[in-house]
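Reading the structure
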Amino acid sequence: MTSRERVTRTLRHEERDRIPVYGWVRANMEAPISKVFGSVDAFEDHYGFDLAHLFGGPSSFVLSDEVHERRRRGEEVEPDEVVELPLSDPNDSSGYEGLKRDIAHHQARDRFLYVQTPGFFEHWNGLFGIENHLGYLLTHLVEIERLYQKQADWNLQFAHNCLDLGIDCIHVSDDWGGQNSLLFSPDLWQKLIYPNLKRVVDGVKARGGFVSLHSDGNINPVKNHLVDMGFDLVHPWQESAGMSLDDFDQNYKGKFTVMGGLDIQTTLGFGRLDLLREALDRLIPQFRDGGLILCTTHFVQDHCSIEELVQTYDWVIEMNRS
């Protein structure tokens, strides 16, 4: 069974030979991994990673020179100043060249490919700053709603282009959760995010693609909507923020799949191999029959030693294939 088949069957809740394996290891661990393995690509090959998380494509919005200069100076930019500015052209072919190279690299290894797509709240945080953005959800509701609608139009065309290139899954990154609950009210989420995200999900599913969501933190207040929105995959279902994998196992398994389990906030990167082994001893038997893609809950942090990372994935391979 190829990696792509293994992941596809997992997302379809069908029988497969083992739990798919992945890890967000590149961002902070490239230097120590490369010192031991030669490159992150070689590390991924060594451990037989089943997925590839790809980035690329054109930047999703265009700002005027004035706005660029104000952002450079650290000045506040408000939604009514940018709501009429055009987004970039998602059909600009020059923006996809790097993505095409990455697709070819991972397709040669028969991996399942998912591509990062900007969400709504997370994306506009880059312009407004998260604290200002939270305030704008109340003081500039009309403008924020329009910006999110424009973002949905852009995301959907970008998704179509990625599917045409051979991407298997459109991955929407849109952090909604704090450590204990949503960063904003469920009512605002329902008004601003749900309808725009549902358009993207429906458009991708109509093409036969898969759709995944990344949101850090506690998203318990809206987790039931992940089912009716049609998500196939949710990352990370963060147990250290009150998202119980036992709850997922009992109430959502078979409705969508979780990618996670190796919590970088509490478990991986702290030199506690006993905690890591305990987590694997729990997760692999519990989800051997489906429901989980074993992965880090976010990028492995640079305080993780290469020895700990290697031991973790040595155990994963040994236990998963026994």
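Just above sits the structure.
Conventions used here
Residues numbered from 1 in each chain as written. Predicted model: local features only at pLDDT ≥ 70, side-chain atom pairs only at ≥ 80, totals over all residues. Heavy atoms only, no water. Buried < 20%, exposed > 50% of the residue type's maximum accessible area, 1.4 Å probe, protein only. Helix = DSSP H or I, 4+ residues; strand = E, 2+ residues; numbered from the N terminus. Pairing = 2+ DSSP bridges. Right-handed = clockwise from strand over helix to strand, strands pointing away. Phe/Tyr/Trp six-rings, centres within 6.5 Å; stacked < 30°, edge-to-face > 60°. Expected span 1.5 Å × (residues − 1). Arc of directions from axis to C-beta. Contact = heavy atoms within 4.5 Å. Axes fitted to C-alpha atoms, helices over the stretch in contact; angles between N-to-C directions. Parallel < 35°, antiparallel > 145°, perpendicular 65-115°, else oblique. Left-handed = near helix turned anticlockwise from the far one by under 90°. Nonpolar A, V, L, I, M, F, W, Y, C, P; charged D, E, K, R; others polar.

Overview of the pairing of strand 7 (residues 292-296)
Burial within strand 7 is extensive, with five of its five residues counted as buried. As paired strands, strand 6 (residues 257-262) and strand 7 are joined by five bridges and run parallel to one another. Bridging from a neighbouring strand, glycine 260 pairs with leucine 294 of strand 7. Read as a crossover between parallel neighbours, the route from strand 6 over helix 13 (residues 273-286) to strand 7 is right-handed.

A short note on the packing of aromatic side chains
For the structure on display, the rule yields 25 aromatic pairs. With a centroid separation of 5.2 Å and an interplanar angle of 20°, the aromatic rings of tryptophan 154 and phenylalanine 158 are classed as stacked. Of this pair, tryptophan 154 and phenylalanine 158 both sit in helix 9 (residues 141-165), four residues apart, which is roughly one turn of the helix. With respect to class, tryptophan 154 is no different from phenylalanine 158; both count as buried. Taken together, the ring pairs in this structure connect Tyr22, Phe37, Phe43, Tyr47, Phe49, Tyr114 and Tyr313 into an aromatic cluster.

Here's the deal with helix 13
Taking 1.5 Å per residue as the helical rise, helix 13 with its 14 residues ought to reach 20 Å, and the 20 Å between its terminal C-alpha atoms agrees with that figure. Of the residues making up helix 13, those classed as buried are Leu276, Ala279, Leu280, Leu283, Ile284 and Gln286. In a view along the axis of helix 13, the buried residues occupy a sector of 160°, so they form one face of it. Tucked inside the fold, the buried residues of helix 13 contact helix 12 (245-251), strand 6, strand 7 and helix 14 (306-320).

Points about unusual backbone geometry
The omega torsion across histidine 235 and proline 236 is 5°, close enough to zero to call that bond cis. Locating proline 236 in the fold gives a position in the loop between strand 5 (233-235) and helix 12. Within the chain, aspartate 110 stands out as a residue other than glycine whose phi angle is a positive 55°. With respect to the helices and strands, aspartate 110 occurs in the loop between helix 6 (97-107) and strand 2 (112-118).

Let's talk about the packing of helix 9 against helix 10 (residues 186-206)
Axis separation between helix 9 and helix 10 bottoms out at 9 Å; the angle between their running directions is 15°. Judged by the angle between their axes, helix 9 and helix 10 are roughly parallel. Seen from above, helix 9 lies across helix 10 with right-handed handedness. Between helix 9 and helix 10, the residues in contact are Leu141, Ile144, Glu145, Tyr148, Gln149, Ala152, Asp153, Asn155, Leu156, Ala159, His160 and Leu163 and Leu188, Lys191, Leu192, Ile193, Asn196, Arg199, Val200, Gly203 and Val204, respectively. Considering only residue class, the contact of helix 9 with helix 10 consists of 12 nonpolar, five polar and four charged.

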